[in-house]
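Structure at a glance
The lines below spell out each chain.
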Amino acid sequence: MALALLARSLGASCRHAVRPAKADFCRPTVAAQRFLGITAAAGPKGKQPPPPPAPVEVEPAEDEDMYDPTEDLTVPQRRRVLAMKEVQKQYDVVQRLYQAELAQLQHQYNLKYAPLYDERRDIYSGKKAIEGKFDLEDDGEPDEPIGDFWLNALSNHNKIGSFISERDSEVLRYLEDLRWEVLVGEERGFKLTFLFKADNPYFTNSVLEKVYVLEAEDDVVPKHFTGTVISWKEGRNVTVEEQKRRVKGAKGEKSKPAFVVEQVPCDSFFTIFDPPAVPTEENANTMTEEELEEIEEALSNDFEIGFAIKDQVIPRAVQWFTGEIAPIGDEEYDDEFEEGGNY
């Protein structure tokens, strides 16, 4: 349940998620209340009330929260629905085989892309000479690498760039290369690999990885995300900021008020390496609607950033660097469609 709420809508809130009538996924169930320790108020101390009478066995009442999506169908129609569900199971088996073979095919082509990505890296880093090529008049400037290549490519993406702060930009100047690979084992999904320069003054990691594991039946339903633990150098962690908090002295003291400095989380692109966990159904039942919405939004943004890097930025990094391309938004698409007519 939690996975469907978090992933299939990609950011839709629990309140707006499409779900059957009568089901309330945001209110803790009785089991969840027990898990949270929510019990009836205790009676006053002292004389205890008499024990309640023994329960009388009665026929269990129909659960009001149970929902049967076929309740308005006739019995013959229900049989046909059940028969189609058997067909659906067979389809799911074939779909899993397709996803496994697709992962193998993507892996084979990633091996073919790798030399091209290597050549691209050698060009923007200055390792490969390009002098005298192409019909460009020499301006007298020396041949040199292109600085901040990946910083600009990522920042020019309308989705990713909105999550890159000024402090993040300083760190991303040391991003040397960016790759992705498909998971070909038992788990479905993909991995992003961020390679940083040796002189990076912000953390000691030379490589940061982000793994997106997806449900086997669907390539847009997250199962869990994991990221490399970043070993930040002293005072260089851009995912937190310092805040002063006043500390009150003991009652009656006339000394000057004291302050403590605390590290509090702040918005940062690098929080994708420490994503929130996808809640289980049990955990989701213990959360408030606001807590679920907050996790949904964080996972949705994380998910979209990962896919944008894999499917858009890495394959066409030079065009993102120059700003030549950008995803068409819904409003722009509608305007283009109306002006150009039906295609």
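- Looking at an unreviewed UniProt entry, one finds the protein chain named Nucleosome assembly protein, with Tetrabaena socialis as its source organism.
- What UniProt records for the protein chain under Sequence similarities (unreviewed entry) is the sentence "Belongs to the nucleosome assembly protein (NAP) family."

1. A word on the overall build of the protein chain
- A count of helices and strands for the protein chain gives nine helices and six strands.
- Scored against the burial criterion, the 343 residues of the protein chain give a buried share of 28%.
- Taking the intrachain contacts of the protein chain between residues at least 6 apart in sequence as the baseline, contacts between residues at least 24 apart amount to 62%.
- When the accessible surface of the protein chain is split by element, carbon and sulfur atoms take 52% of a total near 24,100 Å².

2. Some points on a negative patch on the surface
- Taken together, Glu131, Glu137, Asp138, Asp139, Glu141, Asp143 and Glu144 make up a surface patch of like negative charges.
- Position of glutamate 131 among the secondary structure elements: in the loop between α3 (75–124) and α4 (149–155).

3. What to know about α3
- At tyrosine 113, α3 is deflected by roughly 30°, the largest bend along its length, and proline proline 115 occurs up to four residues later in sequence.
- Val81, Gln95, Gln99, Ala103, Asn110, Tyr117, Arg120 and Tyr124 are the residues of α3 that are buried.
- Where α3 is buried, its residues contact α4, β1 (175–182), β2 (188–196) and α8 (317–322).
- Immediately beyond the C-terminal end of α3, within one or two residues, lies glycine 126, with a positive phi of roughly 90°.

4. Considering the nonpolar core
- Formed by 47 residues in total, the largest nonpolar core has its most connected members in Trp150, Leu154, Ile160, Phe194, Phe269, Phe270 and Ile309.
- Contributing elements (two or more residues each) for this core: α3, α4, α5 (166–172), β1, β2, β3 (207–214), α7 (289–313) and α8.

5. Notes on the layout of surface pockets
- For the largest pocket, the calculated volume is near 800 Å³.
- Here the lining of the largest pocket gets eight residues from one element, more than from any other, and that element is α7.
- For the lining of the largest pocket, the per-class residue count stands at 16 nonpolar, six polar and six charged.
- What the second largest pocket holds in volume is close to 660 Å³.
- Class assignment of the residues belonging to the lining of the second largest pocket gives a composition of seven nonpolar, two polar and nine charged.

6. As for the packing of aromatic side chains
- In the structure shown here, the tally under the stated rule is 21 aromatic pairs.
- The structure contains a cluster of three or more aromatic residues connected by ring pairs, namely Phe194, Phe196, Phe203, Trp232, Phe269, Phe270 and Phe273.
- A cation sits over an aromatic face here: lysine 112 above tyrosine 109, 4.6 Å from the ring centre.
- Note that arginine 236 overlies the ring of tyrosine 202, its terminal NZ or CZ placed 4.8 Å from the centroid.

7. Description of the environment of valine 238
- Tracing the chain through its elements places valine 238 in the loop between β4 (222–227) and β5 (240–247).
- Sequence-distant contacts of valine 238, that is, excluding residues within four places in its chain, are made with Arg167, Asp168, Val171, Trp232, Cys266, Asp267, Ser268 and Phe270.

8. A closer look at the sheet that holds β4
- Taken together, four strands build an open sheet; the order of strands is β1-β2-β3-β4 and the sheet is antiparallel. Edge strands, defined here as strands with exactly one partner in the open sheet, are β1 and β4. Ignoring strand direction, the axes of neighbouring strands in this sheet form an average angle of 10°.
- As judged from the eight bridges shared by β2 and β3, these two strands associate in the antiparallel manner. Its bridge partner being in β3, phenylalanine 190 is matched across the sheet by tyrosine 212.
- Lying over the sheet, α7 contacts β1, β2, β3 and β4, oriented at roughly 75° with respect to β2.

9. Focus on a nonpolar patch on the surface
- Together, Leu105, Tyr109, Tyr113 and Leu116 make up a nonpolar patch on the protein surface, roughly 390 Å² of accessible area in all.
- Judged by relative accessible area, which is 36%, tyrosine 113 ranks as partly exposed.

Rules used in this analysis
- Residues numbered from 1 in each chain as written.
- Predicted model: local features only at pLDDT ≥ 70, side-chain atom pairs only at ≥ 80, totals over all residues.
- Heavy atoms only, no water.
- UniProt positions renumbered as here; feature names shortened; annotations may be inferred.
- Helix = DSSP H or I, 4+ residues; strand = E, 2+ residues; numbered from the N terminus.
- Buried < 20%, exposed > 50% of the residue type's maximum accessible area, 1.4 Å probe, protein only.
- Contact = heavy atoms within 4.5 Å.
- Areas by Shrake-Rupley, 256 points an atom, 1.4 Å probe, with all protein chains shown as cover.
- Patch = residues over 30% accessible without salt bridge, like charges linked within 9 Å, V, L, I, M, F, W, Y side chains within 5 Å.
- Salt bridge = Lys/Arg side-chain N within 4 Å of Asp/Glu carboxyl O.
- Lys, Arg positive; Asp, Glu negative; His and termini not counted.
- Charge placed at Lys NZ, Arg CZ, Asp CG, Glu CD.
- Bend = angle between axes of the 7 residues up to and from the residue.
- Core = buried A, V, L, I, M, F, W, Y, C linked by side-chain atoms within 4.5 Å.
- 1 Å grid on protein atoms, 1.4 Å probe; cavity = no way out; pocket = protein on both sides within 12 Å on 5 of 7 lines; lining within 4 Å.
- Points joined across faces, edges and corners; volume = space filled by probe spheres on them.
- Nonpolar A, V, L, I, M, F, W, Y, C, P; charged D, E, K, R; others polar.
- Phe/Tyr/Trp six-rings, centres within 6.5 Å; stacked < 30°, edge-to-face > 60°.
- Lys NZ or Arg CZ within 6 Å of the ring centre and 35° of its normal.
- Pairing = 2+ DSSP bridges.
- Axes fitted to C-alpha atoms, helices over the stretch in contact; angles between N-to-C directions.

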